[in-house]
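Chain by chain, the residues:
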Amino acid sequence: MMLRPVLVALATFTAFPLGLAAQDSLLLRYHPVAGVKVHRVFQSHTRITGVGAAGEAAGPAREAADLGGVTEVALPGPDGALIVHLAYDSLRARMREGDESWREYEVTALDSLWLQVSLDSRMRVVEATAGGDRPGSGMLLHLLTGAPGMELPGGWLRQGQYWSSRLEFQLGELVGHAPVEAPSALLGMEMDFRLDSLTARDQDTLAYIRYSGALTPTTLRREDGSTHQFAGATMGTLVWSTGWRGWVAAAVRLQVVVSVPERGRLSLETTVRQSVLP
């Protein structure tokens, strides 16, 4: 996949299928259209830096990046309920340490990197089955839901209104496919979402949503006896389309600091951007 077309697609989402009439308030509900394929392009970037116990730099910064495309389609399951199937169309991974040049490779065996997931109308996971490695399937779910652990609000929203939610997710699922060592843990975040604006189109309404949140301080004891303390924050923007009945664009930034008493700390900063192709 060429880099320039993907970056253009990430910044452009100007045509959408038929949807609901525009209105001054909005009820965000996920209802995929059976059999309609949705194509997403995305890029993720993670930067990891370390600091020793005395405050000195613990080696060079490590970076990993993914660039690719995903197709999703909802099909009836055995009980008639829709199951969303997600699979990579293409995937390239990049990595480097310090100031060295990027090393890039194409991820193969994409047929084994898929996810089948059943979501309710508020995007809560009912059931999920994954193929391939966990990082691959985890990223697919996050692209579908817009943000890690995303849950839609319970009621109607007007412009300027907020809602709060607690999200949970695995940290390692957002690092990507490049072999960059990073600790992982099930983390929780207290999030505040705001409906910034509604944009009415002829047969579609776009909702622009901004959010921010703080990581619930978490302490884990590892098998080697060490203690890892997690702290951090996240922020991002999301675009909902009533035509697609789901998220059509997102930019998510997550920063997590992992401290190990008397050893130092690691700082992970991950950014994921995505867009539905028109």
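Residues numbered from 1 in each chain as written. Predicted model: local features only at pLDDT ≥ 70, side-chain atom pairs only at ≥ 80, totals over all residues. Heavy atoms only, no water.

Caption draft 1: Just the environment of V239, in detail. Structurally, V239 is set in strand β13 (residues 227-241). Since its relative accessible area comes to 8%, V239 is described here as buried. As for V239 and A251, which are separated by 12 residues in sequence, their C-alpha atoms are 9.3 Å apart. (Helix = DSSP H or I, 4+ residues; strand = E, 2+ residues; numbered from the N terminus. Buried < 20%, exposed > 50% of the residue type's maximum accessible area, 1.4 Å probe, protein only.)

Caption draft 2: Focus on the nonpolar core. In this structure, L28, Y88 and W247 are the most contacted members of the largest nonpolar core, which totals 53 residues. Counting residues in each nonpolar core, the second largest holds 7 residues, with V38, L206, V239 and A249 among its members. (Core = buried A, V, L, I, M, F, W, Y, C linked by side-chain atoms within 4.5 Å.)

Caption draft 3: The arrangement of the pairing of β13 in detail. The pairing of strand β11 (residues 204-215) with β13 spans 9 bridges and is antiparallel. Within β13, the position partnered with G213 by the bridge is T234. What sits between strand β12 (residues 218-221) and β13 in their antiparallel hairpin is a turn of 5 residues, with G225 showing a positive phi close to 95°. Where β13 and strand β14 (residues 246-260) come together, 13 bridges link them in antiparallel fashion. Bridge assignment links G236 to a residue of β14, and that residue is V252. Linking two consecutive strands that pair antiparallel, namely β13 and β14, is a turn of 4 residues; a positive phi of about 60° is found at R245 within it. (Pairing = 2+ DSSP bridges.)

Caption draft 4: Layout of the pattern of salt bridges. Tallied over the full model, the rule gives 15 salt bridges. The shortest N-O distance in the salt bridge between E63 and R47 comes to 3.7 Å. Here E63 is found in strand β3 (residues 62-76), whereas its partner R47 is found in strand β2 (residues 38-52), with 16 residues between them in sequence. Using a relative accessible area of 38% as the deciding quantity, one classes R47 as partly exposed. (Salt bridge = Lys/Arg side-chain N within 4 Å of Asp/Glu carboxyl O.)

Caption draft 5: Summary view of the side chain of S226. Looking at the element boundaries, S226 is found in the loop between β12 and β13. If we skip the residues at most four places from it in the chain, S226 touches L220, R221, V260 and R263. (Contact = heavy atoms within 4.5 Å.)

Caption draft 6: Geometry of the environment of R166. Within the fold, R166 resides in strand β9 (residues 162-170). Sequence separation between R166 and D192 is 26 residues, and the spatial gap between their C-alpha atoms is 8.9 Å. Not counting chain neighbours up to four residues away, the residues in contact with R166 comprise G188, M189, E190 and T216. Within the structure, the side chain of R166 is placed 2.8 Å from the side chain of E190, a separation counted as a polar contact. Polar contacts involving the side chain of R166 include one to the side chain of T216, which spans 2.8 Å. (Polar contact = N/O pair within 3.5 Å; in protein donor to acceptor, adjacent residues only side chain to side chain.)

Caption draft 7: Geometry of the packing of aromatic side chains. Applying the stated criterion across every chain, the model contains 4 aromatic pairs. Ring centres of W163 and F193 lie 4.8 Å apart, and the angle between their planes is 10°; this geometry places the pair in the stacked category. Of this pair, W163 sits in strand β9 while F193 sits in strand β10 (residues 186-201); the two residues are 30 residues apart in sequence, bridging distant segments of the chain. Side by side, W163 and F193 carry an identical accessibility label, which is buried. When the ring of F193 is compared with that of Y211, the centres are 5.3 Å apart and the planes differ by 35°; the resulting orientation is tilted. Placement of the pair is F193 in strand β10 and Y211 in strand β11, with a sequence separation of 18 residues. (Phe/Tyr/Trp six-rings, centres within 6.5 Å; stacked < 30°, edge-to-face > 60°.)

Caption draft 8: Structural context of the confidence of the model for the protein. Of the residues in the protein, 86% have a pLDDT of 70 or more, and the chain-wide mean is 85. Across residues 1-22, where pLDDT falls below 50, the model places 52 contacts with residues more than four positions away in sequence or in other chains. (pLDDT = per-residue confidence, 0-100.)

Caption draft 9: A look at the side chain of R40. With respect to the helices and strands, R40 occurs in strand β2. You can call R40 buried: its relative accessible area is 4%. A distance of 2.7 Å separates polar atoms of two side chains, one belonging to R40 and the other to E72. At 2.9 Å, the side chain of R40 and the side chain of Q274 are in polar contact. Beyond its immediate chain neighbours, meaning those up to four positions away, R40 contacts G68, G69, V70, E72, L143, L144, W247, Q274, S275 and V276.

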